Amino acid sequence: SSDLIDNIDIWTTIGLFYLSDLMLGCPSFFIPLAIMLKKKAFCIFGGFLKPDIYLHSVMDLSNFRYVAPNPFCNCLLHEHNCNKEISKDNIIAKFEEL
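Conventions adopted
Residues numbered from 1 in each chain as written. Predicted model: local features only at pLDDT ≥ 70, side-chain atom pairs only at ≥ 80, totals over all residues. Heavy atoms only, no water. Core = buried A, V, L, I, M, F, W, Y, C linked by side-chain atoms within 4.5 Å. Buried < 20%, exposed > 50% of the residue type's maximum accessible area, 1.4 Å probe, protein only. Helix = DSSP H or I, 4+ residues; strand = E, 2+ residues; numbered from the N terminus. Contact = heavy atoms within 4.5 Å. Salt bridge = Lys/Arg side-chain N within 4 Å of Asp/Glu carboxyl O. Pairing = 2+ DSSP bridges. Axes fitted to C-alpha atoms, helices over the stretch in contact; angles between N-to-C directions. Right-handed = clockwise from strand over helix to strand, strands pointing away.

A. Molecular detail of the nonpolar core. The biggest cluster of nonpolar side chains holds 13 residues, and the ones touching the most others in it are Ile31, Phe45, Leu55 and Phe64. Of all elements in the fold, only helix H3 (30–36) and strand E2 (40–44) reach the threshold of two or more residues within this core. When residues in this core are grouped by element, the largest group, four residues, is from H3. Dropping the residues within four chain positions of it, Ile31 is found in contact with Met23, Cys43, Phe45, Tyr54, Leu55 and Phe64.

B. Here's a closer look at the pattern of salt bridges. Tallying each qualifying case throughout the model produces two salt bridges. Notably, a salt bridge pairs Asp60 with Lys38, separated by 3.8 Å at the nearest N-O pair. Taken together, the residues span a long stretch of sequence, with Asp60 in the loop between E2 and strand E3 (64–67) and Lys38 in the loop between H3 and E2 at a distance of 22 residues. Exposure remark for Lys38: the relative accessible area of 56% places this residue in the exposed category. Residue Arg65 pairs with Glu97 through a salt bridge whose shortest N-O separation is 2.7 Å. With Arg65 in strand E3 and Glu97 in helix H4 (residues 88–97), this residue pair connects regions lying 32 residues apart in the sequence.

C. Looking closely at the sheet that holds strand E1 (residues 22–25). Judged by pairing direction, the sheet is parallel, and its three strands sit side by side in the order E1-E2-E3 without closing on themselves. At either margin of the open sheet sits one strand with a lone partner, and together these are E1 and E3. Neighbour to neighbour, the strand axes of the sheet diverge by 10° on average, direction disregarded. Pairing of E1 with E2, which is carried by four bridges, proceeds in the parallel orientation. When the bridges of E2 are listed, Leu24 appears paired with Phe42. Packing of H4 onto the sheet brings it into contact with E1, E2 and E3, and relative to E3 it is tilted by some 175°.

D. Expanded view of the pairing of E2. Taking the sense of rotation as the criterion, the β-α-β connection linking E1, H3 and E2 turns out right-handed. Bridging between E2 and E3 involves four bridges; their strand directions are parallel. Following the sheet pairing, Phe42 is matched in E3 by Arg65.

Structure, rendered in structure tokens:
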């Protein structure tokens, strides 16, 4: 039920994550969690949060791939007509790298 999903604590979430083979998601705390647990992870960036906010050069990114619009607009203006396009071919190619 949705009540169960709304009440899962962080340790259960981490445990489920540990048992998973792959994380698919958007920018969130799941990115560093997946990297820490050395789980395969794929993320789609498209809003105003750049990948650099979540990633650092000391992280082992061998199991992490992402896609983002190019060029990426890092603004916080909801009225701004930012580029949000990510080609289907780019998504498929990056996902297949995993």
